[in-house]
Amino acid sequence: MKPSDQNISYYAKNYPASGIRAMFDLLPEYPDVVNLCNGEPDFSTPSHICEAAIASIQGGDTRYSPTSGILELRQAVADKYTQQLKRRITPDNVMIVCGGTEALMMSLLATVNPGDEVIVTDPCYPNYFAQIELVKAKCVSIPVYEKNNFQIDPEDLKKAISSRTKGIILNYPNNPLGVTASEEYIQSLEQLIDDNNLIVFSDEVYESLTYGKSGHYSLAQNDRIKDNVLVMNSLSKTYAMTGWRIGYIVGHPKIMKSMFRLQESVLSCLPVFIQKAALAALRGSQDKVQEMASAYEKRMNLLVDGIQSMPGFKCIRPMGGLCVMANISAYNKSSEEFSRELLENAGVMTVPGSAFGPMGEGYIRFCFANSFENIQKGVERLSSYIASRQ
Ligand code: PLP
């Protein structure tokens, strides 16, 4: 007998489709396109990291590891955060996970019950919708506006909080908005977060990519909310290690302990040789991280100067991350139609803003994780298409 619909789970049936993936899946149909659609670093993983993985495999590190990760790596993460947060962080605060994606899944699984509410900004990184769905919680969106630099208005946060609210997902530097968090901004939200005992799921995977005068402020630096902040980070963007699938969570030992047990059923553990590579990344020279960040800054400026010179396009220059949201409301077209038009007529792939939530309508997202030459080509194509269209 063939599998029936009943053999497909609630989770699989209700899993929201990704607007980024929908665009990316069109790539084979447009082989000459300039891909400004997805956020994958085009740099190679630094060689000392690759060599550490090879040495580890050759040295026989091919067996199970502890569910929470190897102690040396948890210690390296703890040392990094002891320095960053200016207080003692130990391996008990740290769990190693399979990238930023598993970091959020584990954080939600360990803290959120079915029927709870989790707050996100609109627009936001769309995986949040899907992962909140997977723990059977309700996603509550608060709008963020370009005129407010895409920051949350505390009044909107207050309105969104109910007796069922368990936490809020914050992401700085932000994908897709390109904004970062300052200490003062987080202070404007701390009282509401603290008074309502909210868990802050702080997605900091772009921490190394900040531009101009902006630096990275980790939400766990805030004294008032620090015990309820779960920092979710990965090596994907910082060390050009997207395919290695490695990241970590830093949080209060009480929450972390509950996660260690859950990992047993989800992944069991991460490969030791990948963890040894991550150890080399964290303990080794950070020169490549700086080099990549300054290369991205040049690419971002090239792209933003290009976007801002085109009639009908407006955008805030990103302070961090790998993406820029361009306001295209002057064109009076849906973001999906406009993005499709640019793909078909200008040969440039972008993501419709609607993929990031209803407030993304009127925007398209460009990603500058592509070579300088390709971004230049993309800008030239867009400029000449937009000029021909006027
Ligand atoms: N969080 C944000 C905001 C992202 O943009 C991404 C990937 O693009 C992730 C998390 C996932 O990170 P990872 O590739 O380490 O799973």
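What comes next is a walk through the structure. Owing to the predicted nature of the structure, the values given are computational and were not obtained by experimental measurement.

### With respect to the packing of helix α4 (residues 71-85) against helix α10 (residues 272-283)
Relative to each other, α4 and α10 sit at 25°, their axes nearing to 9 Å. One way to sum up the angle between α4 and α10 is to call them roughly parallel. α10 is crossed by α4, and the crossing has left-handed handedness. Residue-level contacts link E72, L73, Q75, A76, V77, D79 and K80 of α4 to Q275, K276, A278, L279, L282 and R283 of α10.

### Thoughts on the site of the ligand
Near the ligand, the surroundings consist of 14 residues, among which T101, D203, Y206, S236 and R245 are the closest. Within the side chain of S236, an N or O atom sits 2.6 Å from an oxygen atom of the ligand. Summarising the interface, the protein chains cover 91% of the accessible area of the ligand, which totals 390 Å² for the free molecule. A per-element tally of the shell around the ligand places helix α5 (residues 99-111) first, with 3 residues.

### Here's the deal with helix α6 (residues 127-134)
Taken as a whole, α6 has its buried residues at Y128, A130, Q131 and I132. Considering only its buried residues, α6 is in contact with α5, β3 (117-122), β4 (138-143), β5 (165-171) and β6 (199-203). Positive phi appears at K136, one or two residues downstream of α6, with a value of about 55°.

### Some details on the environment of F366
Looking at where F366 falls in the secondary structure, it is placed in strand β13 (residues 363-367). Sequence-wise, F366 and Q187 are 179 residues apart; in three dimensions their C-alpha atoms are separated by 30 Å.

### Brief notes about the nonpolar core
Nonpolar side chains in soluble globular proteins tend to be buried together. Among the nonpolar cores identified, the biggest contains 70 residues, and I152, L157, M241 and I246 are the most heavily contacted of them. Sorting elements by how many residues they give to this core places α10 first, with 7 residues. Three or more residues apiece are contributed to this core by two domains, here domain 1 (5-45 + 288-389) and domain 2 (47-283). Sequence-distant contacts of I246, defined by excluding residues within four places in its chain, comprise L73, I96, V97, C98, G99, S234, L235, S236, M241, I274, Q275 and A278.

### Some remarks on the packing of helix α3 (residues 47-58) against α10
Close contact between α3 and α10 brings their axes to 8 Å; oriented N to C, the two are set at 145°. Note that α3 runs across α10; the crossing there is right-handed. Two secondary-structure elements touch here, α3 through H48, I49, A52, A53, S56 and I57 and α10 through V272, F273, K276, A277, A280 and A281. Among the residues making up the contact of α3 with α10, the classes are represented as 9 nonpolar, 2 polar and 1 charged.

Calculation criteria
- Residues numbered from 1 in each chain as written.
- Predicted model: local features only at pLDDT ≥ 70, side-chain atom pairs only at ≥ 80, totals over all residues.
- Heavy atoms only, no water.
- Axes fitted to C-alpha atoms, helices over the stretch in contact; angles between N-to-C directions.
- Helix = DSSP H or I, 4+ residues; strand = E, 2+ residues; numbered from the N terminus.
- Parallel < 35°, antiparallel > 145°, perpendicular 65-115°, else oblique.
- Left-handed = near helix turned anticlockwise from the far one by under 90°.
- Contact = heavy atoms within 4.5 Å.
- Near = heavy atom within 4 Å.
- Polar contact = N/O pair within 3.5 Å; in protein donor to acceptor, adjacent residues only side chain to side chain.
- Areas by Shrake-Rupley, 256 points an atom, 1.4 Å probe, with all protein chains shown as cover.
- Buried < 20%, exposed > 50% of the residue type's maximum accessible area, 1.4 Å probe, protein only.
- Core = buried A, V, L, I, M, F, W, Y, C linked by side-chain atoms within 4.5 Å.
- Domains from an automatic or database assignment.
- Nonpolar A, V, L, I, M, F, W, Y, C, P; charged D, E, K, R; others polar.

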